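Observations on chain architecture
Letter by letter, the chains look like this.
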Amino acid sequence: MMSAEIDPFHAIVISRAAHRMAAEGQSVIHMEFGQPSTGAPAAAIARAHAVLDSDGMGYWESAALKGRIAQHYADAYGVVVDPEQVVLTCGASPAFVLALSCLFAPGDRVAFARPGYVAYRNTVKALHLEPVEIGCGEAERFQITAAAIERLDPAPQGLILASPGNPTGTIIAADELAAIAAVCRARGIRIVSDEIYHGLSYVGAARSVLQEEPGALVVNSFSKYFSMAGWRLGWLVVPPSLIGAARARMGNLFLTPPSLAQHAGLVAFDCRDELEGHVRTYARNRDLLLAALPALGLKRIAPPDGAFYIWADIGHLTDDSMAFCLKLLDETGVATAPGIDFDPVDGRRFMRFSFAVSTDRIEEALRRMGPWFAARDRVSAGRLA
């Protein structure tokens, strides 16, 4: 079997260019990644300092952290999860590798929404699975639906869900999530649910797929809500029948997550006041962008129910989102993500803004982008005249 062809992550190219500009002394605003600018909670950092002074550390899986995560599912969703169903991982990315490799064999078909997170497509391909991308547009609020899954012929072996989604921030409504779970049960489709943006919602809490389908696998991480992206700590919830398979893969492929991150993560669970303050900041940033983007000519965007992204249609300005985002960076210092990462079919007409930065950075970005987009609009209008 030949090695899989994996597409590049174009936002990383944008980010490298942005960091080069910053190293040369230029002012750059990073809105290309979903990376909170706030850092880990203060108490988690204090715990890490204490551990560094007292613990030599090593390969370790924190039973206390697994128990705390299991308690979280009871508290937040009313779902019973045994701590042994929780596999601690080095962030969400390895959790996806574990989930997909536990469930599927090479050649199996795995469906997911388009637009969707770039790593879904490429991780599926890297494991020699077949990606089945379901186009989701304005009519579906850029989210997967039970009807779309019902129409797939033949039925895929697997489905990746994401609610809130990346790059759109859209949340699947409770009744739709239940319908999706029912269709998957009826058709024998196994679900992997990406719940990494849970806790970041502006329209009411998102439901876990475990509330509808106990046999689903759930991926989550400390990178987003907990603001600990660099600590590389996540988890995978598996049904009891897959505990052995998941633990075998974790041990052989990744050993354990960083010990230091596990100590800090346990403390982070009890830093809700500080973390909810971050969510309030994201909500302000979201409101600023929703108010300002139409004036920039960006009037067609996905509903940003959660996460910290704006998915905007720029088809009236370009059909090359990568070149567009590079030019925006070069001329304004604002780094954004091109739509081609998330949608290989229509993404050339879209771009993604991350508002996971401080509010003053959002305000400055809007000041810079206003004249730049106005100039693009004038050129576009001139072509149509």
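Refer to the preceding data block for the structure.
All of the points below concern the structure found in this document. In every chain, residue numbers begin from 1 and rise along the written sequence. Predicted model: local features are reported for residues with pLDDT of at least 70 only, side-chain atom pairs are reported and counted for 80 or more only, and whole-chain, interface and lining totals are derived from all residues. Water and hydrogen atoms play no part in the side-chain values, which are based on all heavy atoms of the structure.

Let's talk about the packing of helix α1 (residues 10-23) against helix α11 (residues 321-332)
Fitted lines through C-alpha atoms give the axes, limited to the stretch in contact for helices. The angle between two N-to-C directions lies from 0 to 180 degrees. Going along the chain from the N terminus, every DSSP run of H or I of four or more residues is numbered as a helix, and every run of E of two or more is numbered as a strand. For the pair α1 and α11, the least separation of the axes is 10 Å and the interaxial angle reads 15°. For the element pair α1 / α11, the angle class is roughly parallel. The two elements α1 and α11 cross, and the hand of that crossing is right-handed. Side by side, α1 and α11 meet where H10, V13, I14, A17, A18 and M21 of the first sit next to M322, C325, L326, L329 and D330 of the second. Among the residues making up the contact of α1 with α11, the classes are represented as nine nonpolar, one polar and one charged. Angle categories are assigned with fixed cut-offs, so that under 35 degrees is roughly parallel, over 145 is roughly antiparallel, 65 to 115 is roughly perpendicular, and the rest are oblique. Handedness of a helix crossing follows the sense of rotation of the near helix relative to the far helix, less than a right angle counterclockwise being left-handed and clockwise being right-handed. Working rule for contacts: check all heavy atoms of both residues, and any pair within 4.5 Å makes them a contact. Throughout, the ten residues Ala, Val, Leu, Ile, Met, Phe, Trp, Tyr, Cys and Pro are labelled nonpolar, Asp, Glu, Lys and Arg are labelled charged, and all others, Gly among them, are labelled polar.

Brief notes about the sheet that holds strand β8 (residues 234-237)
On the basis of which strands lie adjacent, the open sheet formed by seven strands has the order β2-β8-β7-β6-β5-β3-β4 and mixed pairing. Where the open sheet ends on each side, the last strands, each with one partner, are β2 (86-89) and β4 (130-135). Neighbour to neighbour, the strand axes of the sheet diverge by 20° on average, direction disregarded. Each of β5 (158-162) and β6 (190-194) is contacted by helix α7 (residues 174-187), which is oriented at about 170° to β5, the strand it contacts most. At least two DSSP bridges between two strands are required for those strands to pair.

Concerning the pairing of strand β3 (residues 109-114)
The buried fraction of β3 is high, at six of six residues. Strand direction decides the pairing type here: β3 and β4, joined by six bridges, are parallel. Counterpart to V110 in the pairing with β4 is P131. Orient the strands so they point away from the viewer; a crossover is then right-handed if the path from the first strand over the helix to the second runs clockwise. Running through helix α5 (residues 118-126), the crossover from β3 to the neighbouring parallel element β4 is right-handed. One ladder, built from two bridges, connects β3 with β5; its direction is parallel. Within β5, the position partnered with A111 by the bridge is L159. Buried means the residue's accessible area, taken with a 1.4 Å probe over protein chains only, is under 20% of the maximum for its type, while exposed means over 50%, and partly exposed covers the values in between.

Side note on the nonpolar core
As a rule of thumb, nonpolar side chains are buried together in soluble globular proteins. Residue types Ala, Val, Leu, Ile, Met, Phe, Trp, Tyr and Cys, when buried and joined through side-chain atoms within 4.5 Å, form a set referred to as a nonpolar core. If you look at the biggest cluster of nonpolar residues, it comprises 115 residues, and the most contacted ones within it are F353 and F373. At eight residues, helix α4 (residues 92-103) tops the list of elements feeding residues into this core. Excluding anything up to four places from it in sequence, F353 contacts M31, L293, L298, F308, Y309, I310, A312, T336, M369 and F373. Within the second largest apolar cluster, seven residues are counted, among which are A11, F142, F342 and F350.

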